[in-house]
Amino acid sequence: AHGARIPGPTVFLGGLSRDTMASTLRKILDDAGAIVVEAWVPKLARGSKCDGRVELADEASARLCIATLSGLELDGSIIEATPFQRERRRSPSGRKLGRHTQLEPLLQPSRLQV
């Protein structure tokens, strides 16, 4: 018997143009060598920008996706790509935090520690 498929690492894409299509993102990532499982770009009526997600086959592809898409200008918008968290976390005060986090140290140059 087959169990439910476990989703691969997912990257959250912010600041997408409403004109950007999932197939365009998939082609860019395929050309860069990332193994894409699925790409979503919901067309919600929230102004001129929308968000999307890309599920990848493995962590190496997720890092490549972030490196390839972060700061990329596509369809007149600059893409922000960050790791996507499926579970909502809570801050120490109990407030719910967002579904995505800032880039992990592995994915960008480390910042100075205070």
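Let us look at the structure shown here. (Residues numbered from 1 in each chain as written. Predicted model: local features only at pLDDT ≥ 70, side-chain atom pairs only at ≥ 80, totals over all residues. Heavy atoms only, no water.)

### Notes on unusual backbone geometry
Of note, Asp75 is a non-glycine position whose phi angle comes to about 55 degrees, a positive value. Tracing the chain through its elements places Asp75 in the loop between strand E4 (73-74) and strand E5 (77-78). Look at Asp75 and you get partly exposed, because its relative accessible area is 40%. (Helix = DSSP H or I, 4+ residues; strand = E, 2+ residues; numbered from the N terminus. Buried < 20%, exposed > 50% of the residue type's maximum accessible area, 1.4 Å probe, protein only.)

### Some remarks on the environment of Lys43
Looking at where Lys43 falls in the secondary structure, it is placed in the loop between strand E2 (36-40) and strand E3 (49-56). Looking at Lys43, the relative accessible area reads 42%, which means it is partly exposed. In this structure, the C-alpha to C-alpha distance between Lys43 and Met21, residues 22 residues apart in sequence, is 9.5 Å. If we skip the residues at most four places from it in the chain, Lys43 touches Ser17, Arg18, Asp19 and Thr20. (Contact = heavy atoms within 4.5 Å.)

### Considerations on the sheet that holds strand E1 (residues 10-17)
Taken in spatial order, the four strands line up as E2-E3-E1-E6 in an open sheet, and their pairing is antiparallel. Both outer strands of the open sheet, E2 and strand E6 (80-83), are each paired with one neighbouring strand and no more. Recorded for the sheet is a direction-independent mean angle of 20 degrees between the axes of neighbouring strands. Here E2 pairs with E3 via four bridges, running antiparallel. When the bridges of E3 are listed, Ala39 appears paired with Val54. Packed onto the sheet, helix H1 (residues 22-32) meets E1, E2 and E3 and runs at close to 150 degrees relative to E2. (Pairing = 2+ DSSP bridges. Axes fitted to C-alpha atoms, helices over the stretch in contact; angles between N-to-C directions.)

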